[in-house]
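Next come the chains, spelled out residue by residue.
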Amino acid sequence: MKHFALLGLFLTWSLANSLPSYAEVSESLKTIQSVGLEGKGNSEAAQAWSELVETGPTIILPSLQAMGEASPLARNWLRSAVEAVVENARSSDAELPTAEIRQFLLDRSGEPNARTLAYDLYASIDEEAATELVPGMIDDPSPGLRREAVGQLIGKGKSLLADEKTEESAATLRNALEAAREVDQIEEIAKLLRKDLEQTVDLPHQFGFLLYWNLVGPFDNTDRAGFDTVYPPEESVDLAASYEGKDNKEIRWQDYSTADDYGMVDFNQPYGPIKEVVGYAYTEFQSEKEQDVELRLGCKNAWKIWLNGELVFGRDEYHRGIRIDQYILPVTLNEGKNTLLVKACQNEQEQDWTVQWQFQLRVCDSTGAAVYSTDRKPTPDPVAKPRRRGAE
Amino acid sequence: MKRLLSLLVFFALAGSAARADWLNFRGPQGSGRALDASSLPKELSDETLAWKVSLPGRGLGSPILIGDRVVVTAASGPDQKQLHILCFRASDGSPLWERKFWATGRTMAHKKTNVAAPTPASDGERIFALYSSNDLICVDLEGNLLWMRGLTLDYPNASNSLGMASSPLVAGDTLIAQVENDSESFAAGFDVATGINKWKMDRPKAANWTSPTVLEVGDDEIVALQSSKGVVGILPDTGSALFEFGNGASTIPSSAAVGDQLYVPSGGLTALTISSDGSDPESEWNESAQRPGTASPIVLDEKVFVINNAGVLNCANRETGERLWRVRLEPPFSGSPVAGSDSLIYIFNEGGLGQVVDVSGEEGKTISTYDLGETILSTPSLDTDALYIRSDGHLWKFAQP
């Protein structure tokens, strides 16, 4: 056994010394890292890609490392080079740098997608060894790797449930829920806990939806012109102010909270299912520090969102669908108070699937973990859902 | 050495590429008819099933055929963020290569459709794979990456929350794609060698799932872009508008082109004749009863066919639009019909039932059905002697034994 270990070390050392240095392939990697928008650098990147692939398996580790300073486009160039090299190596029985791939996989400072790719490569070489690593990934910063570990825990929880070991099952699924970042897994765990184990789950808190808002509306959106119209809340938010709304009616800000599992802020609740209107929602978020986060919005109406008075993004699409994290918007929060203003526009369509005038918003880190306001209030008690009414 | 090998492979493939390449959605002119497909199986059956292979993810896009290569795309993973381009050997279905990418654009889509909804395109040397996420990827026939565009990175509001589905095609040395939606709606022509925009034009701000078709007018190729507003004919190299038909058109079934004639799903079906002098297209006829459902129309010789939402195949006189006969098929259909040189129409319904309809006589007759047992939302592709179809889980080839 000791001899095998020594042999392994020797092979690892040999392989490491046969690898090209980062500098030797760095020009090709830099060229690929330089690809930009609208096709910038494509031709040069194609040449560099070809050079990397012709070099063979020794480029795998440098390419994985280079993903740390690569754009999403450049990461794809690097990924496909790595996978082309692996495909070629397999067809020619060439050796792959297994130890280096494993080492890269285990180093949590690596780029999350690159580490997930490293896991897939490692699993394709030694599936059993890769599977043994999975439980240790339960708190991994790479969503793809964490997903594997959460999936294992869900499986274990289900198995315990099938054996009627309800307490152990609940404990296992609670651990899975705490670790889960991806929506489908959170939903699956919550369903098991609620329906099969009769447990309570604070799903809005788990997701980190913003639940307390101030709403004002309706402003006019006839002919969808309201999307581009600058109404007073876009210039400054004064929660004590009154405005002239649609049809010259005086409108004021009002408190609003939601206990919806998916944090849905529903303008139809205070205003009814009216059409060709604009509403605004305002809230504040206390950040413990200056930090990069993602605003994750779902909305099937046309919308705009401002952070601290600055327009982040807007989109004039109506009733094509809504889902959690439909739009992911990277922003930087100030330390302390931050303001969020959402504009949601309802159009003229009258089909029953166009009644919704709503959005959902959460603040997350780049892995999908909820980032909480330091003064986050408890989830409100659920209230009876409003009756669904047809469009007026 | 490797480059030399690649070159030899290319010339070998180029030789065989003269057979009956099917290089984009609905093949020649984007119209579903391959006149050089002369030895297709007349029945779909266990006997004519040549092979089937598993796919790693769903997709609605058709396979494309380049020499002895079959290329198909797929999307997989919890949010369909894994994009695949897969290449198989046509003769035996053996895998040749696979490339995978992470989607850079939005992957949200209605659950019925999929991120791999558009059919890839090829110019015989390169493969262009477009996805609902607006990732546009070009590889050569060996799978070497030549260029990549993230069109949602370039144009952040270009997306459709129901999913995009328009398929690109190549005309001359330009790849043309319609990226049309409610917000940042455009069409563009890309240099096939570099992926750089040759032109980009604003398009109607409305969701549109139709694909471009190619008209052959004299020695010119004119690309027809269909939308809710109608049809615009453009020169592929510059995007310059050559003609406009403004009577509105469907946003789901695409037009069928035959030479300089265009059969547009507009007010039912409208037949147009296009000239190269920039004059307005001449409307030959409009027939409201010839209203296609999801499937696009197809023209065989002197007959034009549409399948309506009830699954009825309508045959009309191509010259006049007059209905000749109707026959009920087994619906529902998301894919479109295709045909080779004989008078057989091939189509698969959503339940996976393949249907072969003989349309040579005075009325249509279904002569063969075959249940693949899997969801099929796609359109078949034709070689000279074979039919390829992709289901949710597999790629299938049918040929004469």
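Definitions and limits used
- Residues numbered from 1 in each chain as written.
- Chains lettered and ligands numbered in written order.
- Predicted model: local features only at pLDDT ≥ 70, side-chain atom pairs only at ≥ 80, totals over all residues.
- Heavy atoms only, no water.
- Helix = DSSP H or I, 4+ residues; strand = E, 2+ residues; numbered from the N terminus.
- Rg over C-alpha atoms; globule rule 2.2 N^0.38 Å.
- Contact = heavy atoms within 4.5 Å.
- Lys, Arg positive; Asp, Glu negative; His and termini not counted.
- Charge placed at Lys NZ, Arg CZ, Asp CG, Glu CD.
- Domains from an automatic or database assignment.
- Salt bridge = Lys/Arg side-chain N within 4 Å of Asp/Glu carboxyl O.
- Buried < 20%, exposed > 50% of the residue type's maximum accessible area, 1.4 Å probe, protein only.
- Arc of directions from axis to C-beta.
- Phe/Tyr/Trp six-rings, centres within 6.5 Å; stacked < 30°, edge-to-face > 60°.
- Lys NZ or Arg CZ within 6 Å of the ring centre and 35° of its normal.
- Pairing = 2+ DSSP bridges.
- Axes fitted to C-alpha atoms, helices over the stretch in contact; angles between N-to-C directions.
- Core = buried A, V, L, I, M, F, W, Y, C linked by side-chain atoms within 4.5 Å.
- pLDDT = per-residue confidence, 0-100.
- Parallel < 35°, antiparallel > 145°, perpendicular 65-115°, else oblique.
- Nonpolar A, V, L, I, M, F, W, Y, C, P; charged D, E, K, R; others polar.
- Disulfide = S-S within 2.5 Å.

Novice: Could you give an account of the overall build of chain B, naming the residues involved and the relevant values?
Specialist: Across its full length, chain B carries 2 helices and 32 strands. On C-alpha atoms alone, chain B measures out to a radius of gyration of 19 Å, which is about the 21 Å that the 2.2 N^0.38 rule sets for 401 residues. Long-range contacts, defined as pairs at least 24 residues apart, comprise 53% of the intrachain contacts of chain B with a sequence gap of at least 6. A distance of 7 Å separates the average location of the 32 positive side-chain charges in chain B from that of its 48 negative side-chain charges.

Novice: Tell me what's going on with the domain arrangement of chain A, and back it up with residues and numbers.
Specialist: Looking at the assigned domains, one finds that chain A contains domain 1 (2-125), domain 2 (143-201) and domain 3 (207-364). Here the C-alpha centroids of domain 1 of chain A and domain 3 of chain A sit 44 Å apart.

Novice: Before we move on, could you go through the interface of chain B and chain A and cite the residues and values that matter?
Specialist: On the side of chain A, 41 residues touch chain B, which itself brings 42 residues to the contact. At the boundary of chain B with chain A, the tally comes to 4 salt bridges. We note a salt bridge from Glu83 of chain A to Lys100 of chain B, for which the minimum N-O separation is 3.8 Å. Per-element accounting of the side of chain B that touches chain A gives the leading share, 7 residues, to strand β5 (residues 95-102) of chain B.

Novice: Explain unusual backbone geometry residue by residue, including any values.
Specialist: With an omega dihedral of -5°, the bond running from Gly217 of chain A to Pro218 of chain A counts as a cis peptide bond. When you line up the elements, Pro218 of chain A lands in strand β1 (residues 212-220). With an omega dihedral of 0°, the bond running from Pro331 of chain B to Pro332 of chain B counts as a cis peptide bond. Along the chain, Pro332 of chain B falls in the loop between β25 (323-328) and β26 (338-339). Even without glycine at this site, His319 of chain A takes up a positive phi of about 55°.

Novice: Give me helix α6 (residues 98-106) of chain A: which residues, what numbers.
Specialist: For α6 of chain A, the set of buried residues is Glu100, Ile101, Phe104 and Leu105 of chain A. In a view along the axis of α6 of chain A, the buried residues occupy a sector of 140°, so they form one face of it.

Novice: Just give me the short version of the packing of aromatic side chains, but keep the residues and values in it.
Specialist: All names here are of chain A. In this structure the tally under the stated criterion is 19 aromatic pairs over all chains. Plain terms: the ring middles of Phe207 and Phe209 are 5.4 Å apart, the flat faces sit at 50° to each other, and that makes the pair tilted. Residue Phe207 is classed as buried on the basis of its relative accessible area of 0%. Look at Phe209 and you get buried, because its relative accessible area is 1%. Three or more aromatic residues joined by ring pairs form one cluster here, namely Trp213, Phe267, Tyr271, Trp357 and Phe359. Lys304 extends its terminal NZ or CZ atom over the ring of Phe227, reaching a point 4.6 Å from the ring centre.

Novice: Before we move on, could you go through the pattern of salt bridges and cite the residues and values that matter?
Specialist: All names here are of chain A. One pass over the structure, following the stated rule, counts 34 salt bridges over all chains. Salt-bridge contacts for Arg315 lead to Glu317; the nearest nitrogen and oxygen are separated by 3.0 Å. One connected set of salt bridges, linked through shared partners, spans Arg108, Arg115, Asp139 and Asp140.

Novice: Describe the side chain of Asn76 of chain A, naming the residues involved and giving the relevant values.
Specialist: One can find Asn76 of chain A in helix α5 (residues 72-91). Here Asn76 of chain A falls in the buried class, since its relative accessible area comes to 0%. If near-sequence neighbours (up to four positions away) are discounted, Asn76 of chain A is found in contact with Phe101, Trp102, Thr104 and Met148 of chain B.

Novice: Quick one: what's the story with the sheet that holds strand β13 (residues 197-202) of chain B, residue by residue and with numbers?
Specialist: Residue and element names in this part refer to chain B. On the basis of which strands lie adjacent, the open sheet formed by 4 strands has the order β10-β11-β12-β13 and antiparallel pairing. Pairing within the sheet leaves two strands with one partner each, and these edge strands are β10 (169-171) and β13. Sheet twist, expressed as the mean angle between neighbouring strand axes with direction ignored, is 25°.

Novice: Go over the environment of Ala116 of chain B, please, and point to the residues and values.
Specialist: Residue and element names in this part refer to chain B. Along the chain, the position of Ala116 falls in the loop between β5 and β6 (121-122). Owing to a relative accessible area of 0%, Ala116 belongs among the buried residues under this scheme. Counting along the chain gives 231 residues from Ala116 to Ile347, while the straight-line C-alpha distance between them is 20 Å. The residues contacting Ala116, other than those within four sequence positions of it, are Arg58, Gly59, Leu60, Gly61, Thr73, Ala74, Ala75 and Tyr131.

Novice: Can you break down the nonpolar core residue by residue, with the values?
Specialist: Ile32, Ile60 and Trp77 of chain A together with Ile85 of chain B are the most contacted members of the largest nonpolar core, which totals 65 residues. In terms of residue count, the dominant contributor to this core is α5 of chain A (10 residues). Excluding residues within four positions of it along the chain, Ile85 of chain B makes contact with Val71, Val72, Trp97, Glu98, Arg99, Phe101, Ala129, Tyr131, Ile137 and Val139 of chain B. Judged by nonpolar contacts, the second largest core, of 32 residues, contains Leu44, Leu372, Tyr388 and Trp396 of chain B.

Novice: Describe the confidence of the model for chain A, and please don't skip the residues or the numbers.
Specialist: Detailed conclusions should not be drawn from predicted coordinates in areas where pLDDT is low. All names here are of chain A. For chain A, per-residue confidence averages 93 on the pLDDT scale, and 92% of positions sit at 70 or higher. In this model, residues 1-17 is a region of pLDDT below 50 whose contacts with residues beyond four sequence positions or in other chains number 7 contacts. Low confidence marks residues 386-392, where pLDDT is under 50. Its contacts with residues over four positions away, or in another chain, come to 18 contacts.

Novice: Summarise the sheet that holds strand β12 (residues 358-364) of chain A; cite the residues concerned and give the values.
Specialist: All names here are of chain A. Taken in spatial order, the 4 strands of this open sheet run β5-β12-β7-β10, and their pairing is antiparallel. The outermost strands of the open sheet, each flanked by one partner alone, are β5 (265-266) and β10 (327-333). Strand direction decides the pairing type here: β5 and β12, joined by 2 bridges, are antiparallel. Of the residues in β12, the one forming a bridge with Val265 is Phe359.

Novice: Mind laying out the side chain of Ser167 of chain B, listing which residues take part and the relevant values?
Specialist: All names here are of chain B. Here Ser167 is to be found in the loop between α2 (151-154) and β10. On the accessibility criterion, Ser167 (4% relative accessible area) is buried. The residues touching Ser167, leaving out its near neighbours within four places in the chain, are Phe25, Pro118, Thr119, Ser211 and Pro212.

Novice: Describe the packing of α5 of chain A against helix α7 (residues 112-125) of chain A, naming the residues involved and giving the relevant values.
Specialist: All names here are of chain A. In the contact formed by α5 and α7, the axes pass within 11 Å of each other and the chain directions differ by 10°. By the criterion of interaxial angle, the relationship of α5 to α7 is roughly parallel. Contacts from Arg75, Arg79, Val82, Glu83, Val86 and Arg90 in α5 reach Asn113, Leu117, Leu121, Ser124 and Ile125 in α7. Among the residues making up the contact of α5 with α7, the classes are represented as 5 nonpolar, 2 polar and 4 charged.

Novice: Before we move on, could you go through the pairing of strand β24 (residues 312-317) of chain B and cite the residues and values that matter?
Specialist: All names here are of chain B. With 5 of its 6 residues buried, β24 lies for the most part within the structure. Here 5 bridges tie strand β23 (residues 303-307) to β24, and the two strands are oriented antiparallel to one another. Paired with Val304 across the bridge in β24 is Ala316. Connecting the antiparallel pair β23 and β24 is a turn made up of 4 residues, with Gly311 showing a positive phi of about 85°. Bridge count between β24 and β25: 5 bridges; the pairing is antiparallel. Residue pairing in the sheet places Leu313 in a bridge with Val327 of β25. Hairpin geometry of β24 and β25 is characterised by an intervening segment of 5 residues between the two adjacent antiparallel strands and by a positive phi of about 85° at Gly321.

Novice: How would you sum up the state of the cysteines? Please name residues and give values.
Specialist: All names here are of chain A. Using the criterion set out here, one finds 0 disulfides over all chains in the structure. A disulfide-free cysteine, Cys345 has its sulfur positioned 8.5 Å from the sulfur of Cys299, the nearest such atom. Note on Cys345: relative accessible area 0%, which makes it buried.

Novice: Go over the packing of α7 of chain A against helix α9 (residues 143-162) of chain A, please, and point to the residues and values.
Specialist: Residue and element names in this part refer to chain A. Relative to each other, α7 and α9 sit at 50°, their axes nearing to 7 Å. Of the possible angle classes, the one that applies to α7 and α9 is oblique. Between α7 and α9, the contacting residues are Pro112, Arg115, Thr116 and Tyr119 on the first element and Pro143, Gly144, Leu145 and Glu148 on the second. Here the residues of the contact of α7 with α9 sort into 4 nonpolar, 2 polar and 2 charged.

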